[in-house]
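If you want the building blocks of each chain, they are given just below.
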Amino acid sequence: MALFLLDHGAGNVQSLANSIEKLGYQFSWISSPDDFQRASVLIFPGQGAFHTAIECLTERGLFQPLLDYINSGKPYFGICIGMQVLFAASAESPSVRGLGLIPCQIDCFDDTDKAVPHMGWNTAECFDTPTDPQSTEGVSATVFYYFVHSYCARYDPVQNPEAAQWAHSTTQYGNEVFVSTVRNGSVFGTQFHPEKSGIAGLTILDTWIKQSLAGRTPPSVGPRTPRHAKPRDGFTRRIIACMDVRANDQGDLVVTKGDQYDVREKVSSSSTTVKTAGAVRNLGKPVALASKYYDAGADELCLLNITSFRNSPLRDQPMLAVVRAAAERVFVPLTIGGGIKDTVDPDGTKRSAVEVAGAYFRVGADKVSIGSEAVYAVEKLRALAAGDGTSAIETISTMYGRQAVVVSIDPKRVYVDPTTYDGPYKAELIYGKDDGPMDERGKAWWYQCTVSGGRETRPVSAVELAKGAQALGAGEILLNSIDRDGTGMGFDLDLIRMVKDAVNIPVVASSGAGATEHFVEVFKQTNVESALAAGIFHRDEVGIQDVKVSLKDAGFNTRAI
Ligand code: 1PR
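Residues numbered from 1 in each chain as written. Predicted model: local features only at pLDDT ≥ 70, side-chain atom pairs only at ≥ 80, totals over all residues.

## Side note on the overall build of the protein chain
Note the threshold: Each helix corresponds to a stretch of at least 4 residues labelled H or I by DSSP, and each strand to a stretch of at least 2 residues labelled E; elements are numbered beginning at the N terminus. For the radius of gyration, the atoms used are the C-alpha atoms, and the globule rule reads 2.2 Å times the number of residues raised to 0.38. In this scheme the burial state of a residue depends on its C-beta neighbours within 10 Å: 20 or more other such atoms mean buried, 12 or fewer mean exposed, and anything in between means partly exposed; the C-beta positions come from the backbone. Residues are scored as being in contact if the C-beta atoms we place from backbone atoms lie within 7 Å.
When helices and strands are tallied, the protein chain shows 18 helices and 29 strands. Taking 2.2 N^0.38 as the reference for a compact globule, 561 residues should give roughly 24 Å; the C-alpha atoms of the protein chain span a radius of gyration of 24 Å, in line with that estimate. Across its three principal axes, the protein chain shows a C-alpha extent of roughly 80 × 55 × 45 Å. Per-residue burial over the protein chain gives 52% buried out of 561 residues. Relative to all contacts within the protein chain whose residues are 6 or more apart in sequence, the contacts with residues 24 or more apart total 73%.

## A word on the sheet that holds strand 10 (residues 151-152)
Convention followed: Two strands form a pair only when DSSP identifies at least two bridges running between them.
On the basis of which strands lie adjacent, the open sheet formed by three strands has the order 5-6-10 and mixed pairing. The open sheet is flanked by strand 5 (87-90) and strand 10, the only strands paired with a single partner. By the bridge criterion, three bridges tie strand 5 to strand 6 (residues 102-108) in an arrangement that is parallel. Paired with Phe87 across the bridge in strand 6 is Ile102.

## Considerations on the UniProt feature "binding site: L-glutamine" (unreviewed entry) in the protein chain
Operational definition: UniProt positions are given in the numbering used here, feature names are shortened, and annotations may be inferred rather than shown by experiment.
UniProt annotation of "binding site: L-glutamine" (unreviewed entry) refers to Cys80 when read in the numbering used here. Here Cys80 is to be found in strand 4 (residues 76-80). Dropping the residues within four chain positions of it, Cys80 is found in contact with Gly46, Gln47, His149, Gln191 and His193.

## So, the site of the ligand
For the record, the criterion: Using the backbone to place each C-beta atom, any residue with that atom within 6 Å of a molecule or strand is considered near it. Under the convention adopted here, Pro, Cys and the residues Ala, Val, Leu, Ile, Met, Phe, Trp and Tyr are nonpolar, Asp, Glu, Lys and Arg are charged, and Gly plus all remaining residues are polar.
Inspection of the region around the ligand gives 32 residues, with Gly371, Ser372, Ser408, Gly453 and Gly535 positioned closest. Elements represented by at least two residues in the shell around the ligand include exactly strand 14 (238-247), strand 22 (367-370) and helix 12 (372-384). Class assignment of the residues belonging to the shell around the ligand gives a composition of 11 nonpolar, 16 polar and five charged.

## Details of unusual backbone geometry
A cis geometry characterises the amide bond from Val116 onward to Pro117, with omega recorded as 10°. Structurally, Pro117 can be placed in the loop between strand 6 and strand 7 (118-122). Its identity as a non-glycine residue notwithstanding, Ala385 has a phi of 70°, on the positive side. Locating Ala385 in the fold gives a position in the loop between helix 12 and helix 13 (392-400).

## Comments concerning the domain arrangement of the protein chain
Note the following rule: How far each domain reaches was decided by an automatic or database domain assignment.
When cut into domains, the protein chain gives domain 1 (3-214) and domain 2 (238-264 + 272-409 + 459-554). With centres defined by C-alpha atoms, the gap from domain 1 to domain 2 works out at 28 Å. Of the residues lining the interface, 27 residues belong to domain 1; the matching set on domain 2 comes to 25 residues. Sort the elements by how many residues they give to the side of domain 1 that touches domain 2 and helix 1 (residues 14-22) lands first, with four residues. Tallied by class, residues from the side of domain 1 that touches domain 2 come to 10 nonpolar, 14 polar and three charged.

## Digging into the nonpolar core
Proteins that are soluble and globular tend to have nonpolar side chains buried together. The line we're drawing: By definition, a nonpolar core groups buried Ala, Val, Leu, Ile, Met, Phe, Trp, Tyr and Cys residues that are joined through C-beta atoms within 7 Å.
Counting 168 residues, the largest nonpolar core has Leu301, Ile477 and Ala531 as the members making the most contacts within it. Of all the elements, helix 11 (residues 353-363) adds the most residues to this core, at seven residues. Two domains each donate at least three residues to this core, and these are domain 1 (3-214) and domain 2 (238-264 + 272-409 + 459-554).

## A look at the packing of helix 14 (residues 462-472) against helix 15 (residues 493-502)
Here is the rule: Every axis in this analysis is a line fitted to C-alpha atoms, fitted for helices over the stretch in contact. Angles between the N-to-C directions lie between 0 and 180 degrees. When an angle is under 35 degrees it counts as roughly parallel; over 145 it counts as roughly antiparallel; between 65 and 115 it counts as roughly perpendicular; any other value is oblique. By convention the crossing between two helices is left-handed if the near helix lies anticlockwise of the far one by an angle smaller than a right angle, and right-handed if it lies clockwise.
Between helix 14 and helix 15, the shortest axis-to-axis distance is 9 Å and the interhelical angle comes to 30°. Overall, the two elements helix 14 and helix 15 adopt an arrangement that is roughly parallel. Between helix 14 and helix 15 lies a crossing of right-handed hand. Contact residues: helix 14 offers Ala462, Val463, Ala466 and Lys467, while helix 15 offers Leu495, Met498, Val499 and Ala502. Residues that form the contact of helix 14 with helix 15 fall into these classes: seven nonpolar, no polar and one charged.

## Things to note about the environment of Pro318
Residue position: Pro318 is located in helix 10 (residues 317-329). Residues Pro318 and Leu253, 65 residues apart in the sequence, show an inter-C-alpha distance of 7.4 Å.

## Regarding the UniProt feature "active site" (unreviewed entry) in the protein chain
Per the UniProt entry, the sites bearing "active site" (unreviewed entry) are Cys80, His193, Glu195, Asp244 and Asp410 in this numbering. For this annotated set, covering 331 residues, the C-alpha atoms extend up to 31.7 Å from each other, a dispersed arrangement in space. Counting through the fold element by element, His193 comes out in the loop between strand 13 (187-190) and helix 8 (198-214). Setting aside residues up to four positions removed in sequence, His193 forms contacts with Ile79, Cys80, Tyr146, Val148 and Gly201. Residue position: Asp244 is located in strand 14. Setting aside residues no more than four positions away along its own chain, Asp244 makes contact with Val255, Thr256, Lys257, Val263, Leu304, Ile306 and Ala534.

## Some remarks on the pairing of strand 6
Inspection of the sheet shows strand 6 paired to strand 10 by two bridges, in the antiparallel sense. For Asp107, the partnering residue across the bridge sits in strand 10 and is Cys152.

## Comments concerning the packing of helix 12 against helix 14
Axis separation between helix 12 and helix 14 bottoms out at 9 Å; the angle between their running directions is 85°. By the angle between their directions, the pair helix 12 and helix 14 is classed as roughly perpendicular. Between helix 12, through Ala374, Val375, Ala377, Val378 and Leu381, and helix 14, the contact on the second element is made entirely by Glu464, Leu465, Gly468, Ala469, Ala471 and Leu472. Considering only residue class, the contact of helix 12 with helix 14 consists of nine nonpolar, one polar and one charged.

## A word on helix 1
Buried within helix 1 are the following residues: Gln14, Ser15, Leu16, Ala17, Ser19 and Ile20. Two residues or fewer after helix 1 comes Gly24, characterised by a positive phi angle close to 90°.

## Structural notes on the confidence of the model for the protein chain
Going by this rule: For every residue, the predictor reports its confidence as pLDDT, a number between 0 and 100.
The predicted model of the protein chain averages 92 in pLDDT, with 95% of residues at 70 or higher. As a predicted assembly, this complex carries a pTM of 0.95 together with an ipTM value of 0.98.

## A few points about the environment of Val85
Mapped onto the fold, Val85 is located in the loop between helix 5 (81-84) and strand 5. You can call Val85 buried: it has 28 C-beta atoms within 10 Å. In this structure the C-alpha to C-alpha distance between Val85 and Lys196, which are 111 residues apart in sequence, comes to 20 Å. For Val85, the contacting residues outside a window of four places in its chain are Gly46, Ala53, Ile54, Gly78, Gly98 and Leu99.

Structure follows, in structure tokens:
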């Protein structure tokens, strides 16, 4: 029996390869149509947009051989888009035909009551006997799986009977119930990413591969009771550990952490009280810390190359090596930021932002985070009134899907006299709060965007950037605050509320966490889906599990390890 993986060329397939290697299985890649003849067990970890997957398969002559393989009755496991291509069509790409095994359409989530994409951890409730791995394929209703998708197969036995017949488990997001795994004969598919779902996901992969290599007997399908939306879904709040990475003065990549983005030690000379900048703070090695946070139950990890705006990321082999090594050890989503833009190598070779992002996806990143370039793109959007298709946000989201593009916002408060301010951000002013520096008390403020790690301000507000980024195709906002970064004062709730209310995509609250209560507060007082911290985790002041216990006590769904 030979296990093969299918790479359609537009997604992070490295994560699945890493998971399968971790489980101890050997596999080969499908690289030509003939390889399907040699495959007896096949996994297709499709990612990105429906049309991209189908077009890539067609261009490489793999569409029909894939259909023939599935029709032959040999075991097939489709992940995310690899599951969606089994359907006849998708609302994402109405003119493109899928494989058509499931004769109905994939629909778009309704974003009026929730953020879309559905990005994060949720439950999956199997129809079959919970104790029998032959029938559950290892899917358990008591653990959580990582989903990231804007389109889904609605579970509705009346309106969408074919999808309901194929449904093996369902998941609820907001008020919508959708099919989270499909199964029929030797065909299995998960809408979630088992390769990014920690131990729970590895269990599914292991169960399925083991049974398939041993020879499967297609399970019989028993009678089913139709399901309806419950008062509450299983979607959890995500806790993200962030590592700011840069070279220290010896040239080694280290995790550092700033106070309001200043990452150098403050050194006081004995003869004077003036503090001067010392060495870059070193809080540990990126891969070791990433492994530690994965083991501790982080729902997601973020690695930001904070000085990459100075050079070409594709020449930054140490950073690529860090991401590769981290992806081999952690099986939760990994976001990589810093320097995601069109660049020119010192030898004059031009590199597009898509190439830069692709290099990170190929070594195991799941999402890229765009900072400075997003600000310039939104400035251009304002001037042209529409995207021209050339920005990093647009090109990467077109190729890899919106869910792979995060926009990182680095805003700073601008204090103004509310009685005289008549600038363009009047409607975004925050009044009557006195949590800023003493010399700004009594003033109002707005949030101005910065580039190059906070070194330069630009005439764009955080709200404007978030809206523009969403319009250009970003799938998530990582919302920092230079004023709160490293202070431990808690998240800037006014900023977070304002940005969250302006967009429909998920928002990550970042900067200022100093205690578990700050996480409870940000989830109670804003609608963000996730919260990120750095300093308190690096300094072991608060553990990731401490945060989750507090959230659970406060009534929020959280993922246990
Ligand atoms: O502009 O596309 O090259 O991206 C650069 C990226 O690097 C941006 O995401 C930017 O936020 C980040 N960055 C640049 N300089 C710094 C710096 O600190 N000097 N770090 C920097 C940003 C902020 C957060 C931090 C939270 C939580 N780091 O990610 O982790 O504030 O910290 P806390 O919990 O300790 O308060 P581009």
